[in-house]
Amino acid sequence: MIRFEQVTKRYRERVALDAVSWGMEEGEKVALVGPSGAGKTTILKLITHERQPTSGTVTVGTFHGGSLTRRSRALLRRTLGIVYEDFRLLNDRTVLENVALAVRIAGNDPEEQVLARARWALDEVGLEMRQGSFPSELSTGERQRAAIARAIVNRPAVVLADEPTGALEKKNGDEVLALLRRVHAEGAALLVATTRIEVAEALGARVLHLEAGRLSGSELPAAPGSSRAAAAGAPV
Ligand code: ADP
């Protein structure tokens, strides 16, 4: 589903990621854990193709790096749902319109189904009663739930979340983690970047430790049929 092979990313002379290799399968739950500046957001931006690797290969589903055409960018958008620490909702639109916009941008639903789909997503996160509210009228926990509705509305294969509880108090944070667990249980793969190991533990995620652009404890699963797979007795 997602595979990084020997991926290095430099911003000018600064090495943000140093020959990183890892992978996750469809439906998996993975946490990238590391301090600020470790390279977590860079990994997420390489997955969304907002950034290109300096060297190495990033594969996301059927996308194998390189710059994308407009059409494949739209397709990638439908594959990925993204949740940010600071929610990134549009303040001049209602909650319903924020979520509906993501459906329109993905462009795979006729207009008459757009609002129905957006209402379904708001129902999933328990915000159907707040659909006419503006983000400024919501609590911070509700804002993050609205952002999660926007991330899942196109039923993506993978939900990426960058420090999803960073701006929340404990109770709201716990609710958001429970919601992400449910999103995963309903079939999406989940990749969370966080500085806090407790977040990874609460999600029950496989942990990849990232520090100064290097991963530890994260052997890339051997490709079926490779000598490593055979040596490990893995099914070929
Ligand atoms: P994290 O998400 O773990 O905090 P980042 O991926 O944001 O880490 O950053 C990794 C490293 O790359 C840091 O040293 C950061 O300063 C650097 N970096 C990130 N983005 C840029 C950029 N646009 N220009 C220069 N350096 C950057």
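Definitions and limits used
- Residues numbered from 1 in each chain as written.
- Predicted model: local features only at pLDDT ≥ 70, side-chain atom pairs only at ≥ 80, totals over all residues.
- Heavy atoms only, no water.
- Near = heavy atom within 4 Å.
- Polar contact = N/O pair within 3.5 Å; in protein donor to acceptor, adjacent residues only side chain to side chain.
- Areas by Shrake-Rupley, 256 points an atom, 1.4 Å probe, with all protein chains shown as cover.
- 1 Å grid on protein atoms, 1.4 Å probe; cavity = no way out; pocket = protein on both sides within 12 Å on 5 of 7 lines; lining within 4 Å.
- Sits in = over half its atoms within 2 Å of the grid points.
- Helix = DSSP H or I, 4+ residues; strand = E, 2+ residues; numbered from the N terminus.
- Salt bridge = Lys/Arg side-chain N within 4 Å of Asp/Glu carboxyl O.
- Buried < 20%, exposed > 50% of the residue type's maximum accessible area, 1.4 Å probe, protein only.
- Core = buried A, V, L, I, M, F, W, Y, C linked by side-chain atoms within 4.5 Å.
- Contact = heavy atoms within 4.5 Å.
- Expected span 1.5 Å × (residues − 1).
- Arc of directions from axis to C-beta.
- Phe/Tyr/Trp six-rings, centres within 6.5 Å; stacked < 30°, edge-to-face > 60°.
- Lys NZ or Arg CZ within 6 Å of the ring centre and 35° of its normal.
- Pairing = 2+ DSSP bridges.
- Axes fitted to C-alpha atoms, helices over the stretch in contact; angles between N-to-C directions.
- Parallel < 35°, antiparallel > 145°, perpendicular 65-115°, else oblique.
- Left-handed = near helix turned anticlockwise from the far one by under 90°.
- Nonpolar A, V, L, I, M, F, W, Y, C, P; charged D, E, K, R; others polar.

K.L.:
Explain the site of the ligand to me, please; I cannot follow it from the model alone.
P.N.:
Around the ligand, the structure places Tyr11, Arg14, Ala16, Pro35, Ser36, Gly37, Ala38, Gly39, Lys40, Thr41, Thr42 and Arg51. Contact distances for the ligand include 3.1 Å between an oxygen atom and a side-chain N or O atom of Arg14. Within the backbone of Gly37, a nitrogen or oxygen atom sits 2.6 Å from an oxygen atom of the ligand. Across the complex, the protein chains shield 65% of the 570 Å² of accessible surface that the ligand would expose by itself. Among the detected pockets, the ligand sits in the second largest pocket. For the shell around the ligand, the elements supplying multiple residues, two or more each, are β2 (14-24) and α1 (40-47). Ranked by the residues each element gives to the shell around the ligand, the list is headed by α1, at 3 residues.

K.L.:
Where do I start with the pattern of salt bridges in this structure?
P.N.:
Side chains that carry opposite charge are capable of pairing whenever their charged atoms lie near each other. Counted under the stated rule, the structure contains 14 salt bridges. When the shortest N-O distance is used, the salt bridge between Arg214 and Asp18 registers 3.0 Å. A residue pair is termed long-range when its members are at least 10 positions apart, and Arg214 in strand β10 (residues 214-216) and Asp18 in strand β2 qualify at 196 residues. We classify Arg214 as exposed; its relative accessible area is 51%.

K.L.:
Where do I start with the nonpolar core in this structure?
P.N.:
A general tendency of soluble globular proteins is for nonpolar side chains to be buried together. Ranked by size, the top nonpolar core spans 40 residues in total, and within it Val99, Leu122, Ile148, Val159, Leu180 and Leu203 carry the most contacts. Only β3 (29-33), α3 (95-106), α4 (111-124), α5 (140-152), β7 (158-162), α6 (170-185), β8 (189-194) and α7 (197-203) provide two or more residues apiece to this core. Counting 28 residues, the second largest nonpolar core, distinct from the first, contains Ile2, Val20, Met24 and Val30.

K.L.:
Help me understand the environment of Glu163, please; the structure alone is not making it clear to me.
P.N.:
With respect to the helices and strands, the residue Glu163 is situated in the loop between β7 and α6. Given a relative accessible area of 10%, Glu163 falls into the buried group. Once the C-alpha coordinates of Glu163 and Val83 are considered, the two residues, 80 residues apart in sequence, prove to be 8.4 Å apart. Setting aside chain neighbours within four positions, we find Glu163 in contact with Glu85, Ala193, Thr194 and Thr195.

K.L.:
Looking at this structure, how should I read α4?
P.N.:
Each α-helix turn comprises 3.6 residues. Residues three or four places apart therefore point the same way. Taking 1.5 Å as the rise per residue, α4 with 14 residues should run 20 Å; its terminal C-alpha atoms sit 21 Å apart, in good agreement. Taken as a whole, α4 has its buried residues at Val114, Ala118, Ala121, Leu122 and Glu124. For α4, the angular spread of the buried residues around the axis is 155 degrees, confining them to a single face. Two residues or fewer after α4 comes Gly126, characterised by a positive phi angle close to 75 degrees.

K.L.:
It is not clear to me how the packing of aromatic side chains should be interpreted in this structure. Could you clarify?
P.N.:
What characterises a pair of aromatic rings is the spacing of the ring centres plus the angle enclosed by the ring planes. Counted according to the given criterion, the structure contains 1 aromatic pair. The cationic tip of Arg88 hangs over the ring face of Tyr84; the distance from NZ or CZ to the ring centre is 3.8 Å.

K.L.:
Teacher, can you tell me more about the pairing of strand β4 (residues 55-60) here?
P.N.:
Both faces of the sheet carry side chains from a regular strand, because those side chains alternate between them. With 5 bridges joining them, strand β1 (residues 2-11) and β4 adopt antiparallel strand pairing. In the sheet register, Thr8 faces β4, and the bridge partner there is Ser55. Both β4 and strand β5 (residues 63-64) contribute to a ladder of 2 bridges, which runs antiparallel. Within β5, the position partnered with Thr59 by the bridge is His64.

K.L.:
I keep staring at the packing of α3 against α5 and nothing clicks. Help me out?
P.N.:
Geometrically, a packed helix pair is captured by the angle between its two axes and the distance between the axes. At a minimum axis separation of 8 Å, α3 and α5 run at an interaxial angle of 25 degrees. As judged from the angle between their axes, α3 and α5 are roughly parallel. Of the two elements, α3 crosses α5, and the hand of that crossing is right-handed. Residue-level contacts link Val95, Asn98, Val99 and Ala102 of α3 to Ala146, Ala149 and Arg150 of α5. Classifying every residue of the contact of α3 with α5 by side-chain character gives 5 nonpolar, 1 polar and 1 charged.

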